[in-house]
Amino acid sequence: MFSTNNTNIKKLKFKYVNFIWYYFLITFVTMFICYPLFKKGYYFVTHEGISPLYRTYGVSEAISNGQFPAKVLPNLINGMGYGWSIFYSPLSYDISSLFNLMGLHVLTSVKLVHMLEIFLSGIFMYVLMNRVTKSSIVAITASVLYLAAPYRIVDIYIRNAFAESLAFTILPIIFLGLYEIVHGNKNRWWILGIGMGTMFITHNITAIYSSFFVIIYLGLNFKNEYRNKLFYFVCVKAMILALLLSSYFLLPLLEHKYYGNYAIFSGNFSSSDPEFVHQHSVKFLQFFKHDFYYGISKYLSEIDNDEMPYLIGFPLLFFSFIGCFMIHKCKFFFNFCFLSAIFLVFIMTPFFPWHLMPKILLYIQFPWRLLLFTSFFLSTVGGFALVNVTGNWKQLACITLLSFLLCIYIYPFIHPNYKLVSVNEIQAKEDITNTTSIGHSIGEYLPIAVKIDYLKQRDQNITVIEGKAIIDILNWNGLKIQFRIKPENKKLTIEIPLIYYLGYKAIITKIDGSKQNLKVNQSPNGLLTVHPQDEGIVTIWYGWTKLSIIGNILTIIGILWLLYLVILSMIGNKIDKHRIYNS
């Protein structure tokens with residue numbers, strides 16, 4: 001009896017030591033990748049420029065002015081308000097603005113989000129693979145491969161795709177939920193709901209493609225599950241939970257699509273035509289090139305070094321090559337990942353018929369964005385392959401050595417000749433938050449009617465575009481403007497220096513103290529117009545549309561439901577452990 005207990009204690013100690021070591025390796029690789037972020041007072045000049053700083057300030061200012069969740073950023077485009085968060089998944093900027101509101105500098109806030117998403121992606125990949133294989137060594141192998149995927153580093157230090165980088169973190173959660181529904185405990189269906197709901201508010205394009213992978217994975221398992229009513233039930237519940245959690249973003253987005261006219265929904269701005277997508281394909285040999293350039297992809301470009309690296313990475317390719325000889329031994333999960341990776345490589349090349357694809361797939365704009373999924377799928381296969389070609393006694397030593405070799409391999413990617421900009425060059429907060437820059441909006445989330453040149457020249461005065469009136473601005477705080485008006489004729493149209501988005505409200509307090517709601521319209525220049533006919537004080541502010549309010553309520557319901565499910569699951573786990581212990 002004593003000997004058995006002693007043996008169990010030794011096993012527990014061994015598992016505990018391994019557990020600590022695995023998390024040390026994840027932390028070590030994370031810190032190595034994040035090394036350039038520790039350069040105090042400097043930021044990287046990337047494809048996105050310093051847009052994450054502007055947008056973080058914008059979201060912070062919107063929340064400070066009472067918008068929660070933030071929709072229209074009041075301090076951008078010369079204080080005319082920019083509805084960036086209506087159209088673009090806001091989670092990454094919500095997190096960075098939270099750090100900023102807690103007192104951290106915006107530069108620190110943005111860097112901290114990058115560090116967290118890298119570390120958590122490694123943790124979530126470990127959890128996923130440990131669940132799938134019940135092998136911590138497979139899990140840690142896949143985790144470090146995923147952390148060190150070259151495209152992740154390109155995404156941060158060349159592209160600075162702030163939202164897409166966070167999508168690396170969410171992808172393992174989605175596939176953990178899929179695995180539970182199809183192969184594991186169907187009562188954990190809510191994990192898929194969390195993953196998809198979070199992806200919807202993380203990155204629009206990745207969410208679309210993730211949805212297709214979810215449908216395909218479930219569809220391929222339909223034959224084994226079609227008689228199981230619980231399967232349908234949990235899939236529907238996961239979908240409902242995902243939609244509830246993301247309703248605060250999706251409903252206002254759809255509302256502006258169907259009741260507004262914005263550039264993002266126009267092919268001229270979204271670059272979603274087949275020819276554009278095809279021209280940004282990747283030549284097959286480019287997946288193996290280590291050249292480190294900053295240019296955006298231009299297939300068949302006349303300039304040889306005008307493209308950023310699309311490298312898949314030797315470690316992922318090597319272990320995946322080994323994995324292809326084991327495909328007959330693998331579970332469905334690994335076969336799916338391996339075949340999906342091969343198919344994605346084909347999709348990214350010029351041989352794929354983009355002109356035959358539905359428009360929703362063309363929103364990807366750049367096919368090489370699928371490297372995010374390729375990195376994920378090949379990391380899972382690579383982890384499985386490495387463990388199956390090494391003996392048990394070698395595995396821990398191999399993964400430790402692999403972690404250090406990966407760091408050496410990716411060193412040129414995290415330590416090239418970066419273009420740096422100091423905090424002083426970025427400008428002080430006051431300058432950033434009152435920027436007149438249209439470049440940081442790119443016109444993509446503006447009304448179609450907006451003329452960029454007009455916005456650049458437009459002052460902050462209220463303009464009479466029809467009739468005559470005396471106007472005196474009393475107060476302008478964020479997206480709330482209050483002014484006194486004295487019309488000189490009844491037919492009056494005035495243009496307010498705020499960009500038109502659904503949700504603006506206006507009211508006039510007349511001289512006799514009575515109040516009247518005013519209708520807010522869009523001017524020919526894409527700004528707000530109102531038509532007051534009486535003398536008094538007009539107040540205009542950004543509020544919620546009815547659909548926005550419904551979306552907020554649905555998200556609160558989704559969060560409460562999720563908390564209930566998590567608590568229920570924790571109680572169930574404790575009961576199961578208690579039964580096992582007593583037996």
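In case you missed it, the structure is sitting above this.
Residues numbered from 1 in each chain as written. Predicted model: local features only at pLDDT ≥ 70, side-chain atom pairs only at ≥ 80, totals over all residues. Heavy atoms only, no water.

S.K.: Describe the overall build of the chain, naming the residues involved and giving the relevant values.
M.R.: Counting secondary structure elements, the chain contains 23 helices and 11 strands. For the chain, buried positions account for 55% of its 583 residues. In the chain, the proportion of contacts linking residues at least 24 apart, taken out of those at least 6 apart, comes to 75%. Here the chain displays about 26900 Å² of accessible surface, and carbon together with sulfur accounts for 63% of that area. (Helix = DSSP H or I, 4+ residues; strand = E, 2+ residues; numbered from the N terminus. Buried < 20%, exposed > 50% of the residue type's maximum accessible area, 1.4 Å probe, protein only. Contact = heavy atoms within 4.5 Å. Areas by Shrake-Rupley, 256 points an atom, 1.4 Å probe, with all protein chains shown as cover.)

S.K.: With reference to specific residues and values, describe the nonpolar core.
M.R.: Core analysis: the largest hydrophobic core is formed by 178 residues, its most contacted members being Phe175, Ile181, Phe333, Phe377, Ile496, Tyr501 and Tyr504. Broken down by element, this core gets its largest block of residues, 15 residues, from helix H8 (residues 162-183). Contacts of Phe175, omitting those with residues within four sequence positions, involve Leu128, Phe213, Phe333, Phe336, Phe376 and Phe377. (Core = buried A, V, L, I, M, F, W, Y, C linked by side-chain atoms within 4.5 Å.)

S.K.: Give me the lowdown on the pattern of salt bridges, citing residues and values where you can.
M.R.: Overall, the coordinates contain 11 salt bridges when judged by the stated rule. With its nearest N and O atoms 3.5 Å apart, the salt bridge here joins Arg369 to Glu164. Pair noted here: Arg369 is in the loop between helix H17 (359-362) and helix H18 (371-388) and Glu164 is in helix H8, with a separation of 205 residues, a long-range link. What makes Glu164 buried here is its relative accessible area of 1%. (Salt bridge = Lys/Arg side-chain N within 4 Å of Asp/Glu carboxyl O.)

S.K.: How would you explain helix H9 (residues 190-200) if you had to name every residue and give the values?
M.R.: Spacing of three or four residues puts side chains on the same side of an α-helix, whose turn is 3.6 residues. H9 sits mainly inside the fold: 10 of its 11 residues count as buried. Listing the buried residues of H9 in full gives Trp190, Ile191, Leu192, Gly193, Gly195, Met196, Gly197, Thr198, Met199 and Phe200.

S.K.: Describe the pairing of strand E7 (residues 504-510), and please don't skip the residues or the numbers.
M.R.: Where E7 meets strand E11 (residues 536-542), 7 bridges bridge the pair, whose relative direction is antiparallel. Bridge assignment links Ala506 to a residue of E11, and that residue is Ile540. What sits between E7 and strand E8 (residues 515-518) in their antiparallel hairpin is a turn of 4 residues, with Gly513 showing a positive phi close to 95°. (Pairing = 2+ DSSP bridges.)

S.K.: Help me get a handle on the sheet that holds E11, residues and values and all.
M.R.: Strand order in the open sheet formed by 5 strands is E4-E5-E11-E7-E8, and the pairing between neighbours is antiparallel. Two strands close off the open sheet at either side, each with one partner strand: strand E4 (469-477) and E8. Pairs of neighbouring strands in the sheet enclose a mean axial angle of 20°, with direction left out of account. Across 8 bridges, the pairing between E4 and strand E5 (residues 480-487) is antiparallel. Looking across to E5, one finds that Ala469 is bridged to Pro487. (Axes fitted to C-alpha atoms, helices over the stretch in contact; angles between N-to-C directions.)

S.K.: Describe the packing of aromatic side chains, listing the residues and the values that go with them.
M.R.: The relation between two aromatic rings is expressed through the spacing of the ring centres and the mutual angle of the planes. Applying the stated criterion across every chain yields a total of 46 aromatic pairs. For the pair Tyr23 and Tyr126, a centre-to-centre distance of 5.6 Å together with 65° between the ring planes defines the contact as edge-to-face. Linking Tyr23 in helix H1 (residues 2-33) with Tyr126 in helix H5 (residues 106-133), this pair joins segments that are 103 residues apart in sequence. Of the residues examined, Tyr23 reaches a relative accessible area of 22% and is grouped as partly exposed. A cation sits over an aromatic face here: Arg152 above Tyr146, 5.1 Å from the ring centre. Across the ring face of Tyr258, the terminal group of Lys257 is positioned such that the distance to the ring centre comes to 5.9 Å. (Phe/Tyr/Trp six-rings, centres within 6.5 Å; stacked < 30°, edge-to-face > 60°. Lys NZ or Arg CZ within 6 Å of the ring centre and 35° of its normal.)

S.K.: Please give an account of the packing of H8 against H9 that cites residues and values.
M.R.: In the contact formed by H8 and H9, the axes pass within 7 Å of each other and the chain directions differ by 150°. Between H8 and H9, the interaxial angle falls into the category roughly antiparallel. In this structure, the crossing between H8 and H9 has a hand that is left-handed. Across the interface between the two elements, Ala167, Ile170, Leu171, Ile173, Ile174, Leu176, Gly177, Leu178, Glu180 and Ile181 of H8 pack against Ile191, Leu192, Ile194, Gly195, Met196, Thr198 and Met199 of H9. Classifying every residue of the contact of H8 with H9 by side-chain character gives 13 nonpolar, 3 polar and 1 charged. (Parallel < 35°, antiparallel > 145°, perpendicular 65-115°, else oblique. Left-handed = near helix turned anticlockwise from the far one by under 90°. Nonpolar A, V, L, I, M, F, W, Y, C, P; charged D, E, K, R; others polar.)

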